[in-house]
Each structure stands twice: as C-alpha cells, then as structure tokens.
Amino acid sequence: MYSYEHKVFIKKNKNYKLLVNFCQFTLIIFFIYLWQFLADKNYINVFILSSPKRIIDTLIKLHISNNLYHHILITIYETMISFILGTVIGFFIASLLWWNKFLFKVLEPYLTVLNSLPKIALGPIIIIWGGAGIKSIIIMALLISTIITIINVTEYFNNIDQNKLKLLKSFNANKKQIYFKLVFPSAISGIINTLKINISMSLIGVTMGEFLVSKEGIGYLIVYGSQTFNLNLVITGVIVLSIISALMYYIVFYIEKKLKH
Amino acid sequence: MKNILSIKNLRKTYHTKNDEIVAVENFSYDFKEGNIIAIVGPSGCGKSTILNIIGNLINKSDGELIFNDDCKIGYMLQEDCLFPFRTIIKNCLLGLEIKKEISSKNINYANQLLKKYGLYDFKNKYPNTLSGGMKQRVALIRTLVCNPNLILLDEPFSAIDYQTRLLLSDDIYKIIKEENKTAILITHNIEEAVALADNIIVLSNRPSKIKNIYTINLFDKSIPSINRRDKNFNYYCDLIWKDIDFNV
C-alpha cells in the first residue's frame, strides 16, 4: 500500500537506527574487551584499575554473601523517598512563590545562592542534625532535589502564556481558578522534565549522603572499598550505581512517554 | 437605539521607570446597541488599550465608562488561546466553568454551536488536531456560550489565512446581527473594518484621539464577503486609508 519510495525511506530510517544501536553495543564490548586485554597482558595495574573479570568476581562474592541486593535496595529506597518528598515539597513551595509574587521577589536571591552552594559543604552540619543514619542521607538528597525543583517549577509557572492569562481574566477568573485551570496543567509537561532531572539529583544526593555517614548502600560500598584499598569493590560500586541511575532515568522517561499520550 | 456603553473623556497613561506614555486621550463615544463598531488606527496607537479598558482587563487613568445594566461582555482575542490539555468541548465550556454557570442548557447550546460550525465530530479531540481557522471558531464558540451581548474582538482574524478569514467574518457578522449583539472590533485591516462594521472610528497616532467617525452606507448592506463587492466599498476604504497616519 505504500509507494516504493516510502519503503526505501522507512528502510533507510530503520537501518540508521540499527547502525546506531550496533555501534553503541560494539563500543561497550570493545571497551570491556580492551580493559580485560590490557589487564591480562599486565599493561595496566589491576590493583588500581581492576578488570572486568575481577568486577564479576566481586559481584559474585557480594551475591554469595547476600549483601549486594541489600545495598542496592537501600540506595533505591533512599532515592525514591528523597525523590518523592523533594518533588512534592519543591512543587508546593514553587506554587506558593507563584501565588505571592512579593515573596518570590524577596526570596529569589536566597534561592540562587542556595542552589549554587555545594550542598556537600553542609554535610557536617547535616550529620549533627540528623545523626549518622538514613535521616541525614535523605536530608542531603532533599536539599539538592528540592531547590532544583523549586527553581525549575517556578520558571515554568512564570512562563505561562500571557494571552491565555488574559483570556481567563476576561472571564473574571480568580487566582485559584487561574492556578488550577491554567498554570498547573500547562506546567505539567515541563514538570515531567523536572522529574527526570530530579531523579538524578536525588541519586547524587543519596550517594553523597552515603559517602558521609552510612553503614549501608552503594555509596557506602564505594567508600568502604576505598578505605580498605579494595579498588575492585569501588569500581563495582560505581558500575552498579550507573546501572541504577540508568534504570531510574528510563523509568521516568517511560512514564513521561505514557503521560504525554 | 439605546446605548450599550458610553465612554466619556477616557484617558490612559502608562508608567514605566523612565517614561510616561499617554496611550489614549479624550476618547468619547456612545456605542449603540446592535451595531458593529470598528476601531482602526496606526499600529501602536492604543486601540487595544481601549478594548482592554472596556473589558476591565486594565484600569483607566481617567474618564467615565457607563455600561447599560444588562451588559455582558465577551472577549475574543487575537490568538485562539485554546488550552492544549483540554478537549474542544472542554475549551468551549471554559468561560462557563469559571463563571460557575455550567448547566445542561448551556452545554446544549455549546453542542449546537459546535454542530453549526462543523466541529461536532472534533468535540472530544484536542486542539492540536485542528486547523487555524477551526481553532479560531472554537474560540468564537467559547466566547458565545457565555451569552454576551457586547463582544470585544481584538484583531480576531489576523492569525488566520485569507480564505478562512472571509468565511469567519461572515459567520461572526451573522451571529452578531441575528442575535442582536453589539460588537467592538479592533483591526488594522481597513477592508475588514469597512466590510463588517456599521461605524468606524479612526484613531490618530499616539496619544490616540478620535480623528474621524464614519457611518458606512453601502448600497446593499449584506454579509461582509458580499459587502466587499459593493460599489461604495472602495470609496470608504480610500477615505479611511487617507485618514490614517501610517508610521513606516
């Protein structure tokens, strides 16, 4: 039913996609292979740089000692809590700032400073406040994700189409109606973008928190590995962390796709 | 004919940090019920300012606006301003929702208008599936379902193509005349003003003052697309064209 030309076009498109996927796959295989090859030939110091085989050994060891899933779950758990709390709190504060322009103007410079302040610097204070446990880790992650959320969502709220605003005002809409009928729903698509940033920010915050205080989680594994000069453990931790972050990103990405249609 | 709105000595001054701009000055006019009144003038002369003041979207600086008791204003903007996350019917009912006037009678009226404008099949679709002209028609329905008797039209056709523009101005003309509504039309398009309006107010450069007022007497007054072929049509267009100080 399609013309020959169209079929060629589709095929070209498909081939291009396949090529991209193929290259992505080859790249990682090549990298792993090269790494192992250099390690086997002793061109690199496996004590410092580890090797794919050693990483797999470490994973198996962690699996046998039944620790791996516990650490992964702890990190995911902390990330989810900070993600959800950060999003809700950030959203709420952004709505307040939209509601009260004066408050926004007053707080704007403080938000900017808080945003650019490296939150890790607050680590020692957070430990004293929250103790050496999960509470401190979540506070750390919240500090990062909430402020980013506030700034992004406020930006979306303040960029509402002025003509649509005018239209609502011509119907004598009050502020509550403007918020619920226009501001909130229009910002939704932008807000899903914020979620993508937020999930990464939460993971960053949780890892930083685990570096500082924890006794469990992937961040803890990495720190523990470095303190005992077990670089295999460190690199394994980093790889597990990147897999977690990729998974979480794609879950949010998938939700976004679903919500947009 | 009684006045639906009388404006006396209207003035509007905009204040910015470095400047004070008088947009409208000494504007007085009696808007007669059932008429279509067009306001034309050079761009940036403050036409929209007058409309926004009538629509109570901005405050006047001075002067008087006397509305007829049963005056209900409907505003139609230059852009369709449809909410992308609302279906067509939901968009049409937006004004009613805000005014808390949703009733089965009003919903029926909305459906009726959707049918009349060939949009009924799109009722539950989203605006991105519609063409520009269709969107503008939805915007018109959104204004009409609130049942206003004074309709403010702020360059309602400028964002759509010529063909649709002619069709839509016929539609709007018919509705206004059939239902005995009053309309104030802002436009920079002289032909459109002559084709649609009963009276035309020509404004001067800023600060806007009334430069001239015309009553359009065509030989055979009809719908706008036919008016455009009237013998007197070009005469009025010429007259008004010469009247407007164009800023190039």
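Analysis parameters
- Residues numbered from 1 in each chain as written.
- Chains lettered and ligands numbered in written order.
- Predicted model: local features only at pLDDT ≥ 70, side-chain atom pairs only at ≥ 80, totals over all residues.
- Heavy atoms only, no water.
- Helix = DSSP H or I, 4+ residues; strand = E, 2+ residues; numbered from the N terminus.
- Rg over C-alpha atoms; globule rule 2.2 N^0.38 Å.
- Buried < 20%, exposed > 50% of the residue type's maximum accessible area, 1.4 Å probe, protein only.
- Contact = heavy atoms within 4.5 Å.
- Areas by Shrake-Rupley, 256 points an atom, 1.4 Å probe, with all protein chains shown as cover.
- Pairing = 2+ DSSP bridges.
- Axes fitted to C-alpha atoms, helices over the stretch in contact; angles between N-to-C directions.
- Buried area = accessible area lost by both parts, 1.4 Å probe.
- Salt bridge = Lys/Arg side-chain N within 4 Å of Asp/Glu carboxyl O.
- Polar contact = N/O pair within 3.5 Å; in protein donor to acceptor, adjacent residues only side chain to side chain.
- Nonpolar A, V, L, I, M, F, W, Y, C, P; charged D, E, K, R; others polar.
- Domains from an automatic or database assignment.
- Expected span 1.5 Å × (residues − 1).
- Patch = residues over 30% accessible without salt bridge, like charges linked within 9 Å, V, L, I, M, F, W, Y side chains within 5 Å.
- Phe/Tyr/Trp six-rings, centres within 6.5 Å; stacked < 30°, edge-to-face > 60°.
- Lys NZ or Arg CZ within 6 Å of the ring centre and 35° of its normal.

Visitor: Explain the overall build of chain A to me, please; I cannot follow it from the model alone.
Guide: Helices and strands together make up the secondary structure of chain A, namely 11 helices and 0 strands. Taken from N to C terminus, the helices and strands of chain A fall in the order α-α-α-α-α-α-α-α-α-α-α. Here the C-alpha atoms of chain A give a radius of gyration of 24 Å, more than 25% beyond the 18 Å that 2.2 N^0.38 yields for 261 residues. Taken over the C-alpha atoms alone, chain A extends approximately 75 × 70 × 30 Å along its principal axes. Out of the 261 residues belonging to chain A, those deemed buried represent 39%. For chain A, restricting intrachain contacts to residue pairs at least 6 apart in sequence, the fraction spanning at least 24 positions comes to 72%. Entry remark: accessible area of chain A is about 16100 Å², with carbon and sulfur atoms responsible for 71%.

Visitor: Could you clarify how one ought to interpret the sheet that holds strand 2 (residues 20-32) of chain B in this entry?
Guide: Residues and elements named next belong to chain B. Across the sheet, which stays open at both edges, the 3 strands sit in the order 2-1-4 with antiparallel pairing between neighbours. Of all strands in the sheet, those with a lone pairing partner are strand 2 and strand 4 (62-67), marking the two edges. Neighbouring strand axes in the sheet, compared pairwise and without regard to direction, differ in orientation by 15° on average. With 9 bridges connecting them, strand 1 (residues 3-15) and strand 2 associate as antiparallel partners. Each residue of the ladder has a partner; that of S6, found in strand 2, is D30.

Visitor: Just to check I follow, could you spell out the interface of chain A and chain B for this structure?
Guide: The extent of an interface is frequently quoted as the accessible surface area lost upon association of the parts. Across the boundary between the two partners, chain A contributes 15 residues, which contact 20 residues of chain B. Summed over both sides, the interface of chain A with chain B buries roughly 1600 Å², with 69% coming from carbon and sulfur. Summed over the shared surface of chain A and chain B, the number is 2 salt bridges. As a salt-bridge pair, K166 of chain A and D154 of chain B come within 3.9 Å of each other at their nearest N and O atoms. Inspection of the region where chain A meets chain B yields 4 residue pairs in polar contact (both at pLDDT 80 or more). Among the elements of the structure, helix 8 (162-170) and helix 9 (175-213) of chain A are those that each provide at least two residues to the side of chain A that touches chain B. Residue contributions to the side of chain A that touches chain B peak at 7 residues, all from helix 8 of chain A. Looking at the side of chain A that touches chain B, its residues break down into 6 nonpolar, 5 polar and 4 charged.

Visitor: Looking at this model, I keep getting lost on the domain arrangement of chain A. Mind explaining?
Guide: Assigned domains within chain A: domain 1 (4-44) and domain 2 (58-260). For domain 1 of chain A and domain 2 of chain A, the distance between their C-alpha centres works out to 33 Å.

Visitor: Hey, could you run me through helix 1 (residues 4-40) of chain A in this one?
Guide: Owing to its 3.6 residues per turn, the α-helix aligns residues three or four sequence positions apart on the same side. Residues and elements named next belong to chain A. Helix length check: helix 1 (37 residues) gives 52 Å between terminal C-alpha atoms against 54 Å at 1.5 Å per residue, within 8%. If you check which residues of helix 1 are buried, you get W35, Q36 and A39. At the exit of helix 1 stands N42, carrying a positive phi of roughly 60°.

Visitor: How should I be thinking about a nonpolar patch on the surface in this particular structure?
Guide: Residues and elements named next belong to chain A. On the surface, F92, L96, F102, L103, V106, L107 and Y110 cluster together into a nonpolar patch covering about 720 Å² of accessible area. Of all the secondary structure elements, the ones that give two or more residues to the nonpolar patch are helix 4 (68-99) and helix 5 (101-116). Among the elements that take part in the nonpolar patch, helix 5 stands out by supplying 5 residues, more than any other. Position of F92 among the secondary structure elements: in helix 4. According to the relative accessible area criterion, F92 is exposed, its value standing at 54%.

Visitor: Would you take a moment to explain the side chain of T194 of chain A for this structure?
Guide: Note that T194 of chain A resides in helix 9. Those residues in contact with T194 of chain A, other than ones at most four positions away along the chain, are T149, N152, V153 and Y156 of chain A.

Visitor: Explain the packing of aromatic side chains here, please?
Guide: The description of an aromatic ring pair rests on the distance of the ring centres and on the angle between the ring planes. Counted by the stated rule, this structure contains 16 aromatic pairs over all chains. Of the aromatic side chains, those joined through ring pairs into one cluster are F91, W98, W99, F157, Y179, F180 and F184 of chain A. Above the face of the W98 of chain A ring, K175 of chain A is positioned so that its terminal group lies 5.5 Å from the ring centre. The ring of Y120 of chain B has K115 of chain B sitting right over it, with the charged end atom 4.7 Å from the ring centre.

Visitor: Hey, could you run me through the sheet that holds strand 5 (residues 73-76) of chain B in this one?
Guide: Strand pairing in a sheet is mediated by backbone hydrogen bonds. Such pairs are either parallel or antiparallel. Residue and element names in this part refer to chain B. If you walk across this open sheet you meet the 6 strands as 5-6-7-3-8-9, and the pairing is mixed. Edge positions in the sheet fall to strand 5 and strand 9 (210-215), since each has one partner strand and no second. On average, each strand axis in the sheet is tilted by 15° relative to the strand beside it, whichever way the strands run. Taken together, the 4 bridges between strand 3 (residues 36-40) and strand 8 (residues 199-203) define a ladder with parallel strand orientation.

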